[in-house]
Amino acid sequence: MNTSLLAIFASSFFALSHSVLAAETPFAIAIHGGAGTIEKAKFTPEQEKAYRAKLTEAVEAGYKVLDQGGESLDAVTAAITVLEQSTYFNAGRGAVYTYDGSHELDASIMDGRNREAGAVAGVKHVESPISLARLVMDNSVHVMLSGQGAEEFAKEQGVELIENNLFDTEFRYKALLKAKQKLDKAKATSKEYQAAHKALPDSYKMGTVGAVALDKNGNLAAGTSTGGMTAKRYGRIGDAPVIGAGTFAENASCAVSATGHGEYFIRYNVASDICARVKYQNKTIEQAGDEVINKVLAPIGGTGGVIIVDTKGNISLPFNTSGMYRASKSNTQATYVGIFNDE
Ligand code: ASP
């Protein structure tokens, strides 16, 4: 056999073994930065570019962990941390304001191997709620800690507490003032108030961040982090820290992180409903996500979307709004970034 023929054989052998390997050990990550009325016309080209760059940075941060053989939990944490540190998204640094003009953050994380989970709700002085949720999962005997107790735990864990006003941003404050103008005409417990709240633009209600990942060991994980909804009251807690509603992962089905109108996502148990359809009805994640987001939630006004990954490395990113900040990457799929309905 001459040497060039040998070289062809060798390279096709390596290509084949690489693709077999790739097929045997899938790994994948998907992220979101919130769903809502997100229209191209409202973006300058520079803004759109900046959002796409941040989504790319986050998905690449998570992918790198997976590519190097790291755990899906670490990939999820890495991706979400990038988004929490950015003011573009309603989590960590870009968190929205409560009615009283402060910031209360929620987050959760779940391990698909064993359904271990950690969550924090209503924390005011923690820079990275997703990291604290992880500490709750790893180092406490509880699943969900809220408010002062969660911050006491954070201190015990050596987490530095920061001033609440470090989450301040001008554009979120303007959104609060506008929301209050619309809401203040009605009493907070009245039907009119409920209607006014429902009528607030999506951009006041959404913007959560999340990630789902499958690692090379076949383990799934999901995480979600948020500032909740603009002008939320009374220690309101959304779906993001509620395991089964905003976050769910189990290796037997799939991993889901949600974004949208949290009250609907809690009542319809969105994340675990999607996984249950996969597990008990043998639906694909594509079918299950479409059913829950478009056939269950959309008709009742439950706006939002989810990101889903399964143990084969399939990814699905359904939403029933005009846009959802999203990105994904797998060992077989190049980086994808989307914002609007049509990319
Ligand atoms: N689901 C979040 C909440 O209700 C909001 C969002 O997704 O942006 O708190």
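Treat the numbers as computed from the prediction; the structure is a model and nothing was measured.

(A) Quick peek at the site of the ligand. Around the ligand, the structure places eleven residues, and the nearest of them are Gly 207, Thr 208, Asp 239, Thr 259 and Gly 260. Within the backbone of Gly 207, one N or O atom sits 2.7 Å away from an oxygen atom of the ligand. A distance of 2.7 Å separates an oxygen atom of the ligand from a polar side-chain atom of Thr 208. Under a 2 Å grid-point criterion requiring more than half of the atoms, the pocket assigned to the ligand is the largest cavity. Classifying every residue of the shell around the ligand gives one nonpolar, seven polar and three charged.

(B) Expanded view of the UniProt feature "binding site: substrate" (unreviewed entry) in the protein chain. Mapped onto this numbering, the UniProt entry gives "binding site: substrate" (unreviewed entry) at Arg 236, Ile 237, Gly 238, Asp 239, Thr 259, Gly 260, His 261 and Gly 262. The annotated residues named above include Arg 236, Gly 238, Asp 239, Thr 259, Gly 260 and Gly 262 as those lining the largest cavity. Its place among the elements puts Arg 236 in the loop between β6 (220-226) and β7 (247-249). Relative accessible area serves as the criterion here: at 13%, Arg 236 is assigned to the buried category. Ignoring sequence-local partners within four residues, the contact set of Arg 236 consists of Gly 228, Met 229, Gly 262 and Glu 263. As for its position among the elements, Gly 260 is in strand β8 (residues 254-260). Setting aside residues up to four positions removed in sequence, Gly 260 forms contacts with Met 206, Asp 239, Phe 265, Thr 303 and Gly 304.

Cut-offs applied
- Residues numbered from 1 in each chain as written.
- Predicted model: local features only at pLDDT ≥ 70, side-chain atom pairs only at ≥ 80, totals over all residues.
- Heavy atoms only, no water.
- Near = heavy atom within 4 Å.
- Polar contact = N/O pair within 3.5 Å; in protein donor to acceptor, adjacent residues only side chain to side chain.
- 1 Å grid on protein atoms, 1.4 Å probe; cavity = no way out; pocket = protein on both sides within 12 Å on 5 of 7 lines; lining within 4 Å.
- Sits in = over half its atoms within 2 Å of the grid points.
- Nonpolar A, V, L, I, M, F, W, Y, C, P; charged D, E, K, R; others polar.
- UniProt positions renumbered as here; feature names shortened; annotations may be inferred.
- Helix = DSSP H or I, 4+ residues; strand = E, 2+ residues; numbered from the N terminus.
- Buried < 20%, exposed > 50% of the residue type's maximum accessible area, 1.4 Å probe, protein only.
- Contact = heavy atoms within 4.5 Å.

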